[in-house]
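# Results of the structural survey
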Amino acid sequence: MSKEILTVPVRRLARPSRPASDTAPTLPGPQGGPPGQRGTTPAPAASGPGLRLDIQGLRAVAVSLVVVAHSGVSALAGGYVGVDVFFVISGFLITSLMLREWSRDGRISLGRFYARRALRLLPASTLVVVATLAGSWLFLGPLRFADYAKDAIASAWYVVNFRLAEAGTDYFNTDVPPSPFQHFWSLAVEEQFYLIWPIVLIIALKLFRRRALLTIPLLALAAVSFALNLTLTESSPSWAYFGSQGRIWELAVGALVALAANRLDAIPRPVAVALSWAGLGAIMYAAVVFDDHTVFPGHNAAIPVLGAAAVLAGGAAADRYGAAAVLSLRPAVWVGGVSYAWYLWHWPLIVIVPAAAGFGEHDGPLRLVAALCGLPLAWLTLHLIENPMRFHRAFKARAGRGLSLGLGLSAVAAAAAVVAVQFPPSLTSGGERQNTKETIAEATDHLAALTRLLEEPADKLPSNLEPSLHDVAYKRTAVYTDDCALTTEDEKQTQPCLYGDTSAERTVVLFGDSHVAQWFPALDAIARKHHWRLYSLTKNACKVAQITIEYNKGPYSTCDDWRAVTLDKILKMDPDLVITGSSNSAKLWGEGDTATEWGKGQAETYRRLHQDGIQVLTLLDNPWPKNNAVDCAVAHPNDLSACARSRSDADPKPDVTKALVAAAKAEDVTVIDPYDWVCAPSGNCPILVGNTMVYRDYGHLADGFVDALTPVVEDRLLGLFGADLSRRPGA
C-alpha cells in the first residue's frame, strides 16, 4: 500500500505518484553565451546525438519503486519517493526543451508548448480515466461511486490534487479506501507548475542576457515553495503532500539542473561518476529507509530530490563507470519508455482487481500481480494510443489542433463521469427488517427490545435500510455542520455550540473527542425533552485525560491547549452534569506506560471538574468493528456476518479501558459502558441491527443507530441523575 495521509490523518489516504511525461531525454544545448547558442557534448550513456538513455533508466527506477511500494512490498515501503524523482526529471526535460526552442527559434511558443503537453498526456490518460470509471462502476460498489466520478472529472481537468488535499483534512476520512483516481494528483501538480514556469522563463529570457541570471526567478520560486512545504508538512500534511504549492520546488530543482547544462560536461569525470552513483544511492536509501511513518514530504523529500538531481548532473559527464552503466541497460530503458503508461494503469489495477476477484482486504500478492499486468497494457497504450496520436501528421506544426484535441479529450472523460453518475451501481439486498427506532421506542422495556434485535442480526442488507448507506457514511449532525466539533488544527471554539432547550436552567456539557460527540443525536433529543441546555465542547482525537498524545508524528499540542482552555470554560459555566468520553485508541507522546499515564491523566481531569462539586459521567469507548463497517457492508451485502466482530476483541486498548474505569472509581465518577447497547449477550457485535447500520466507519457509531438508542440512553441517564439532574448516583 502506498504511504498514508495521515498519517494524513487523512482518510487512509494512499500515496500514488506519477512518472514524468516529457519529451525524449536529451542533454540540453547551450554551453555559454546567451541561452542556447552553442552545442553540447553527448553523455557517454547515449546511443545517438544527445540522447540520455540513463534518464530513461532513471524513470524505470522511479516507476518500479512506486509500483512495488503501492503493491505492499514492505522492503520498499518508501518507494513513494519515485514521485519526487519524476518531478525532478520533468523539470529538467521540459526546461531543456524550452531552452532548445529558444536557441533554435529565438522564441518559445506557448501554444506549441501546451499542444505538445496535451498530445503527450491526454490520449493515454483519457483512456485510463474512462476504463477506471467503468471498473469502479462494476466492482467498487455504489457507496463511493459518486465521489469517484467527481475524482474522474477533477483528474480530467488536472485539479484532483486539490480534492485529495481537502479530503485529507477530514478527520473521518482516515479509513476511507483510496480513490482509484488518486494517482492523477501528481499529473495535476505538474500541469499547475507548467501554467506558470514557461511564462516566467520567457520573461527571464527577455530580461537577462546572462544565463546565470535566469536562475534568480527559479531560485525564488523554489525557496518559497520549499518554505511552504516545511510549514504545511507540520500544519496540514495532506496539503503538503498533494498541494502544488509545496511541490513546485521539486520541479524547480530539475529546471535548475537544465539551466546549468552548459557547465555539466565540465565536471571532472571522477567527480561526475561519484555524483551519479551517490544520487542513485540517495534515491534507493529513501526507498528502503522511509515508510508510512516517515514525516513526508518536509525536509525528507530533499533526499530523493537532490539524489535525482545528482544523477542528472553527474550523468552528463560521467563515463561508463557512472550510474549510467546500470541505468542505460536495455531492460531499464524499455521500462522507462513505458513508464508513463505503466504508472497510469498500475494504481487502478491495484485498487480494482482485488475487489473484482472478491479478495477484499485479503488481497496479498494479488496487488503486485495486478500492477505487473499493467506493463503489457502500458506497451499497448504507448504503441496504439500515445504514439499514433502524438506523432500524427495532422497535429504537426498545428498547435491549435493539438490544443483542441486536448480540450476535447478532457471533456469526453468528464462527460463520461457525469453520465455514469446518473446510473449508479446498485446493491443486492434482502427483504424488509424491523424498524430499529420504532421497535425500541414502542417497547415497554427499551433495553430488552434492543437486546432482542442484537440477538437477531441480519445476514443481508435490508430493502428498508434507514438511513441509506450513503447518508450513514457522509451525513453529519449539527455539531459538525455548525463547526462545533473542532478539527485537529483548531485551537479555539468560536461558536456557542448550545443545543437542547437553550432557555432552560439546567446545563449539561458534552466534553471530549469525536467518540463522545457521536452521542449527540440521543443527548440532544433527551435535553430538549427534559429541558436541559446542552453545550457541545469537543475536538477530534483530543482526549479528556491530561496527557499528550502523538498526532501526525509529533505532540498533539493543539489538543493540550484546547483542553486547558475548555476545562476553565466548563468550571465557569458551573454545569449540573459533564458527560465526558474519548476514543481509547492513541499513542502516548513521550516515555511511560500508556495505560498508566492515561489513568493518571484521567483522574487529574476528574479532580479538576469535581473541585466545584460538578457531577461527572464518563461514557466508555464503544466496541470497534473489524474494519470500515459501511465499506464492509458494500463488499458483503449478502453476508454481513463477515463484518461482525466478537465482543472479546472489539476493544483496541483494553488496558487503557481498565485504567479509565479505575480512575473513575477512585474519583467517584459514574461510568456507563455502552457495550451492552452494541453487542449481543452472546458476544456478537453486528454491524446491522434491525434496519439500521450500527457504525458509520471504522470506530464511530452511526448517527441513525445512536438516534434509535435514545430511549435506552434516556432510561439510563434518568435512572442515574433524575430528570432534573439533582440525583446523586450511589447516594
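Residues numbered from 1 in each chain as written. Predicted model: local features only at pLDDT ≥ 70, side-chain atom pairs only at ≥ 80, totals over all residues. Heavy atoms only, no water.

### Quick look at the packing of aromatic side chains
Operational definition: The rule is short: rings of Phe, Tyr and Trp, with Trp giving its six-membered ring, pair when the centres are within 6.5 Å, and they are stacked under 30 degrees, edge-to-face over 60, tilted in between. Note on classification: 1.4 Å probe, protein chains only; a residue is buried when its accessible area is under 20% of the maximum for its type, exposed when over 50%, partly exposed between these limits.
Summed over all chains, the structure comprises 19 aromatic pairs. With a centroid separation of 5.2 Å and 80 degrees between ring planes, the pair formed by Tyr241 and Phe242 is classed as edge-to-face. Summarising the burial analysis for this pair, Tyr241 and Phe242 share the class buried. Where Tyr499 meets Phe520, the ring centres are 4.9 Å apart and the plane angle is 75 degrees; that geometry is what we call edge-to-face.

### Digging into helix α6 (residues 185-207)
Using the following cut-off: Going along the chain from the N terminus, every DSSP run of H or I of four or more residues is numbered as a helix, and every run of E of two or more is numbered as a strand. Multiplying 1.5 Å by the residue count of a helix minus one yields the expected span of that helix. The term bend refers to the angle at a residue between two fitted axes, each drawn through seven residues, those ending there and those starting there.
With 23 residues, α6 extends 34 Å between its outermost C-alpha atoms, agreeing within 8% with the 33 Å of an ideal straight helix rising 1.5 Å per residue. Where α6 bends most, the angle comes to about 30 degrees, and this point is Tyr194, followed within four residues by the proline Pro198.

### Let's talk about the packing of helix α3 (residues 110-139) against helix α17 (residues 374-390)
We count it as follows: Here, axes are lines fitted to C-alpha atoms. For helices the fit covers the stretch in contact, and angles between N-to-C directions go from 0 to 180 degrees. Should an angle fall under 35 degrees it is called roughly parallel, over 145 degrees roughly antiparallel, and 65 to 115 degrees roughly perpendicular, with every other angle called oblique. Crossing handedness is defined as follows: a turn of the near helix away from the far one that is anticlockwise and smaller than a right angle gives a left-handed crossing, while the clockwise case is right-handed. Any pair of residues with heavy atoms lying within 4.5 Å of one another is described as a contacting pair.
Running from N to C, α3 and α17 cross one another at 140 degrees; their axes reach a closest spacing of 8 Å. As judged from the angle between their axes, α3 and α17 are oblique. Our pair here, α3 against α17, has a crossing hand that is right-handed. Residues Leu119, Arg120, Pro123, Ala124 and Leu127 of α3 touch α17, and the partners they reach there are Thr381, Ile385, Glu386, Met389 and Arg390.

### Let's talk about the pairing of strand β7 (residues 577-581)
Test applied: Should DSSP find at least two bridges between two strands, the strands are taken to pair. Look down the strands so they point away from you; if going from the first strand over the helix to the second traces a clockwise path, that crossover is right-handed.
In terms of burial, β7 is a largely internal element, five of the five residues being buried. Of the two faces of β7, the one carrying Leu577, Ile579 and Gly581 and the one carrying Val578 and Thr580 are both buried. Sheet topology places strand β3 (residues 506-512) next to β7; five bridges connect them, and they run parallel. Looking across to β7, one finds that Val509 is bridged to Val578. Pairing geometry for β7 and strand β8 (residues 615-619), over four bridges, is parallel. By the bridge assignment, Ile579 is partnered in β8 with Leu617. Each parallel crossover has a hand, and the one from β7 via helix α26 (residues 594-610) to β8 is right-handed.

### Considering helix α1 (residues 53-70)
Helical geometry: 3.6 residues make up each α-helical turn, so side chains three or four residues apart lie on a common side. With 18 residues, α1 extends 26 Å between its outermost C-alpha atoms, agreeing within 8% with the 26 Å of an ideal straight helix rising 1.5 Å per residue. Within α1, 16 of the 18 residues are buried, leaving the element largely enclosed by the surrounding structure. Positioned one or two residues after α1, Gly72 has a phi angle of 95 degrees, which is positive.

### So, the environment of Asp445
Where we set the bar: By the criterion applied in these results, polar contacts are pairs of N or O atoms within 3.5 Å in which, for protein atoms, one can donate a hydrogen and the other can accept it, and in which residues neighboring in sequence qualify only through two side-chain atoms.
One can find Asp445 in the loop between α19 (436-442) and α20 (446-454). Relative accessible area serves as the criterion here: at 42%, Asp445 is assigned to the partly exposed category. Taking the C-alpha atoms as reference points, Asp445 and Asp707, separated by 262 residues in sequence, lie 17 Å from one another. A polar contact of 3.1 Å, which involves the side chain of Asp445, links it to the backbone nitrogen of Ala448.

### Focus on the pattern of salt bridges
Going by this rule: A pair is scored as a salt bridge if a Lys or Arg side-chain nitrogen falls within 4 Å of a carboxyl oxygen belonging to Asp or Glu.
Under the criterion given, the structure shown has 25 salt bridges. With a shortest N-O distance of 3.0 Å, Glu250 and Arg247 are connected by a salt bridge. Accessibility expressed as a relative area gives 0% for Arg247, which makes it buried. Salt bridges sharing partners connect three or more residues here, namely Glu101, Arg104, Asp105, Arg112 and Arg116.

### Let's talk about the pairing of β3
Here β3 lies mainly inside the structure; six of its seven residues are buried. The pairing of β3 with strand β4 (residues 532-539) spans seven bridges and is classified as parallel. Within β4, the position partnered with Thr507 by the bridge is Arg533.

### Comments concerning the environment of Cys542
Turning to its location among the elements, Cys542 is positioned in the loop between β4 and β5 (550-551). It is 56 Å that separates the C-alpha atoms of Cys542 and Glu101, two residues lying 441 residues apart in sequence. Once residues within four sequence positions are removed from consideration, Cys542 is found in contact with Gly512, Asp513, Tyr556, Cys559, Trp562 and Ser582.

### A word on a nonpolar patch on the surface
The test is simple: Patch membership is restricted to residues that have no salt bridge and whose relative accessible area is over 30%. Joining uses 9 Å for like charges and 5 Å for the nonpolar side chains Val, Leu, Ile, Met, Phe, Trp and Tyr. Where accessible areas are quoted, they stem from the Shrake-Rupley method and a 1.4 Å probe; at the residue level, only the protein chains shown are allowed to cover.
A contiguous nonpolar patch, built from Trp137, Leu138, Phe139, Val419 and Phe423 and spanning about 530 Å² of accessible area, is present on the exposed surface. With three residues, the top contributor of residues to the nonpolar patch is α3. Topologically, Phe139 is positioned in helix α3.

### A short note on the nonpolar core
Our working definition: Take the buried residues of types Ala, Val, Leu, Ile, Met, Phe, Trp, Tyr and Cys, join any two whose side-chain atoms come within 4.5 Å, and each joined set is a nonpolar core.
Ranked by size, the top nonpolar core spans 121 residues in total, and within it Leu58, Met98, Leu133, Phe184, Trp185 and Trp197 carry the most contacts. Sorting elements by how many residues they give to this core places helix α2 (residues 82-105) first, with 13 residues. Residues within four places of Leu133 in sequence aside, it is in contact with Phe145, Ala149, Ala152, Phe181, Ala416, Ala417 and Ala420. Ala473, Trp519, Ile526 and Val706 belong to the second largest nonpolar core, which has 61 residues in total.

### Quick notes on the packing of α3 against helix α4 (residues 145-156)
To keep things clear, this is the line we draw: Under the convention adopted here, Pro, Cys and the residues Ala, Val, Leu, Ile, Met, Phe, Trp and Tyr are nonpolar, Asp, Glu, Lys and Arg are charged, and Gly plus all remaining residues are polar.
Axis separation between α3 and α4 bottoms out at 10 Å; the angle between their running directions is 180 degrees. As the angle between them shows, α3 and α4 are arranged roughly antiparallel. Where α3 approaches α4, its residues Val129, Leu133, Ser136 and Trp137 are matched on the opposing element by Phe145, Tyr148, Ala149 and Ala152. Here the residues of the contact of α3 with α4 sort into seven nonpolar, one polar and no charged.

### Structural notes on the confidence of the model for the chain
Our working definition: You can read pLDDT as the predictor saying how much it trusts each residue, on a scale of 0 to 100.
With 91% of its residues at a pLDDT of 70 or more, the chain has an overall mean of 89. Per-residue pLDDT stays below 50 along residues 1-22; that stretch engages in 130 contacts with residues further than four places along the chain or on separate chains. Predicted confidence is poor over residues 26-49, with pLDDT under 50, and the contacts of this stretch with residues over four places away or in other chains come to 69 contacts.

### Quick word on unusual backbone geometry
With omega at 5 degrees, the peptide bond leading from Phe296 into Pro297 counts as cis. Considering the arrangement of structural elements, one finds Pro297 in the loop between α11 (269-289) and α12 (302-315). The residue after Glu466, namely Pro467, is reached through a cis peptide bond having omega -5 degrees. On the secondary structure map, Pro467 appears in the loop between α20 and α21 (469-474). We note that Asp483 has phi near 60 degrees; this positive angle belongs to a residue other than glycine. Relative to the elements of secondary structure, Asp483 occurs in the loop between α22 (478-481) and β1 (485-486). The residue Cys497 is not glycine, and still its phi comes out positive at about 55 degrees. With respect to the helices and strands, the residue Cys497 is situated in the loop between β1 and β2 (498-500).

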